[in-house]
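A look at the structure
So the chains spell out like this:
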Amino acid sequence: MMQLRRQSLVAYGQPLCETVAECPRPHGTEVLIRVACCGVCHSDLHIQDGYFALSGDKRLDITKDRALPFTLGHEIAGVIEAAGDKAEGAVVGRSVALYPWIGCGTCAACRAGEENMCAAHHHLGIAVDGGFATHVLVPHPRYLLDYAPLAPSFAGPLMCCGLTAYGALKRLADRTSRRPVLLVGLGGVGMMGLTLARALFTEPPIVADINAEKRKTALAAGAAQAFDPADPQARKAVIAATGGLFAVCDFVGSEKSLQFSISVLARGGKVVVTGLLGGNFSIAAAMIAIKAIAIEGSLTGTLAQARELIDLARAGKISPIPAHARALDQAQAALEDLRAGRVVGRTVLTV
Ligand SMILES: [Zn+2]
Ligand SMILES: [Zn+2]
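These remarks concern the structure in this document. (Residues numbered from 1 in each chain as written. Chains lettered and ligands numbered in written order. Predicted model: local features only at pLDDT ≥ 70, side-chain atom pairs only at ≥ 80, totals over all residues. Heavy atoms only, no water.)

**Looking at the coordination of the zinc ion (ligand 1)**
Within the protein, the atoms that donate to the zinc ion (ligand 1) are Cys-41 (SG), His-74 (NE2) and Cys-160 (SG), at distances of 2.0 to 2.2 Å. A relative accessible area of 0% means that His-74 is categorised as buried. Take Cys-160: its relative accessible area is 6%, and that puts it in the buried class. (Donors = N, O, S within 2.8 Å, 3.2 Å for Na, K, Ca; no water. Buried < 20%, exposed > 50% of the residue type's maximum accessible area, 1.4 Å probe, protein only.)

**Quick word on the coordination of the zinc ion (ligand 2)**
Here the zinc ion (ligand 2) is held by the protein donor atoms Cys-104 (SG), Cys-107 (SG), Cys-110 (SG) and Cys-118 (SG), which lie 2.3 Å from it. Linear spacing of the donor residues for the zinc ion (ligand 2) on their chain is C-x2-C-x2-C-x7-C. Taking relative accessible area as the criterion, Cys-104 reaches 27% and is therefore assigned partly exposed.

**Thoughts on the pairing of strand E14 (residues 245-250)**
For E14, the buried fraction is high: six of the six residues fall into the buried class. Pairing analysis gives three bridges linking strand E11 (residues 182-184) to E14, with the strands arranged parallel. Within E14, the residue paired with Leu-182 across the bridge is Val-248. Following the chain from E14 across helix H7 (residues 255-263) to the adjacent parallel strand E15 (residues 265-273), one finds a crossover that is right-handed. (Helix = DSSP H or I, 4+ residues; strand = E, 2+ residues; numbered from the N terminus. Pairing = 2+ DSSP bridges. Right-handed = clockwise from strand over helix to strand, strands pointing away.)

**Structural notes on the pattern of salt bridges**
Counted under the stated rule, the structure contains 15 salt bridges. Ionic pairing is found between Asp-129 and Arg-6, a salt bridge with its closest N-O pair at 3.8 Å. Here Asp-129 is found in the loop between helix H2 (108-111) and strand E9 (135-138), whereas its partner Arg-6 is found in strand E1 (residues 3-9), with 123 residues between them in sequence. The exposure class assigned to Arg-6 is buried, which follows from its relative accessible area of 11%. Glu-308 serves as the salt-bridge partner of Lys-170, at 3.1 Å between the closest nitrogen and oxygen. With Lys-170 in helix H3 (residues 152-170) and Glu-308 in helix H9 (residues 303-314), this residue pair connects regions lying 138 residues apart in the sequence. Here the salt bridges share partners, and the residues they tie into one network are Arg-171, Lys-270 and Glu-296. (Salt bridge = Lys/Arg side-chain N within 4 Å of Asp/Glu carboxyl O.)

**Thoughts on the packing of H3 against helix H4 (residues 188-200)**
Viewed as axis vectors pointing N to C, H3 and H4 meet at an angle of 55°, and their least axial separation amounts to 8 Å. By the angle class used here, H3 and H4 are oblique. As H3 runs across H4, the sense of the crossing is right-handed. In this structure, H3 contributes Leu-158, Cys-161, Gly-162, Thr-164, Ala-165, Tyr-166 and Leu-169 to the contact, and H4 contributes Gly-188, Val-189, Met-192, Gly-193, Leu-196, Ala-197 and Leu-200. Here the contact of H3 with H4 is composed, by residue class, of 10 nonpolar, four polar and no charged. (Axes fitted to C-alpha atoms, helices over the stretch in contact; angles between N-to-C directions. Parallel < 35°, antiparallel > 145°, perpendicular 65-115°, else oblique. Left-handed = near helix turned anticlockwise from the far one by under 90°. Contact = heavy atoms within 4.5 Å. Nonpolar A, V, L, I, M, F, W, Y, C, P; charged D, E, K, R; others polar.)

**Observations regarding the pairing of strand E17 (residues 323-327)**
Of the strand pairs in this sheet, E17 and strand E18 (residues 346-350) are connected by five bridges, and their pairing is parallel. Bridge assignment links His-324 to a residue of E18, and that residue is Thr-347.

**Observations concerning the packing of aromatic side chains**
Summed over all chains, the structure comprises one aromatic pair. Between Tyr-99 and Tyr-143, the ring centres sit 6.3 Å apart and the planes meet at 15°, which makes this aromatic pair stacked. Taken together, the residues span a long stretch of sequence, with Tyr-99 in the loop between strand E8 (95-98) and H2 and Tyr-143 in the loop between E9 and strand E10 (144-146) at a distance of 44 residues. Accessibility assignment for this pair places Tyr-99 and Tyr-143 in one class, buried. Sitting above the plane of the Tyr-51 ring, Arg-59 keeps its charged end 3.7 Å from the centroid. One cation-aromatic arrangement involves Arg-178 over Phe-246; the distance from NZ or CZ to the ring centre is 4.6 Å. (Phe/Tyr/Trp six-rings, centres within 6.5 Å; stacked < 30°, edge-to-face > 60°. Lys NZ or Arg CZ within 6 Å of the ring centre and 35° of its normal.)

**What to know about the side chain of Asp-250**
With respect to the secondary-structure elements, Asp-250 resides in strand E14. Buried and unpaired, Asp-250 has no salt bridge, with Lys-214 as the nearest side chain of opposite charge at 12 Å. Within the structure, the side chain of Asp-250 is placed 3.4 Å from the backbone nitrogen of Leu-258, a separation counted as a polar contact. Once residues within four sequence positions are removed from consideration, Asp-250 is found in contact with Val-184, Ser-257, Leu-258, Ser-261, Val-271, Val-272, Val-273, Thr-274 and Gly-275. (Lys, Arg positive; Asp, Glu negative; His and termini not counted. Polar contact = N/O pair within 3.5 Å; in protein donor to acceptor, adjacent residues only side chain to side chain.)

Written out as structure tokens, the structure is:
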């Protein structure tokens, strides 16, 4: 009997610990993946907590979505270890990245190809066991994406960190021929957004972050201009430099980041929000019509977008964010470092 070793969530708000189970055997279209590496994402922290902070004391409870013990991890790259008899193309030994945003396949979102928006989803590492483990079971080979010649530590994080930035920028693509896109917040997703915006759009993006070091890094990585949104003159400076923007991506999702993002819009501009930092945001209702603005949320991306993104990366059009490898049994320490803000780039757990 093959063993499945996992770093499991056994109680909300508690450290992960190792659990061992029998390795599942794939049936039908299922495919068993031996994990090579799995990225550590901010959403793993929220799942460990069991809630999202909304504003003040308000919390969105997310403990009802899964049975414990549960295996986190959704930025997975690995190798096909075994496949069911109906898993076409799932050749044992093939290296693949896993599209984790797996839907029910029958709801309106899934039928439209938006499994990431599924109402009854099976998202890996969110609702069903994910990649902080030696193996993970995938229901169908369609979710497996070839990634050679990329490193697995690049391919895995592309499936969340990369796809979140890509899905958001696609929602702004029709507005980027007018003026540059503004990227607010230069964490892992924001830095992916920067390399992607350079690959996708004609004009290099401008960026905003309260951290001077991050602004410097972004300028070195090709941002046209960098602003400090905490500077009271920042809004005026952006307007003076650009005339107002049509496309802003808010990777932070806080009251302040949204206020700033909206404040620099031109008439007809749009803000796409991917960040989940929390807080309340208010706007004078009439300004939505007067300025003809749009505020749109974005949640990761579709399977089709994941394929486009992997293709861009395989063609050498985007650069990886720095990845730091740690052993699987360091999962809890990796989560703690991320929580404490000690991680630059992406931590990947290697198995
Ligand atoms: Zn994630
Ligand atoms: Zn669905």
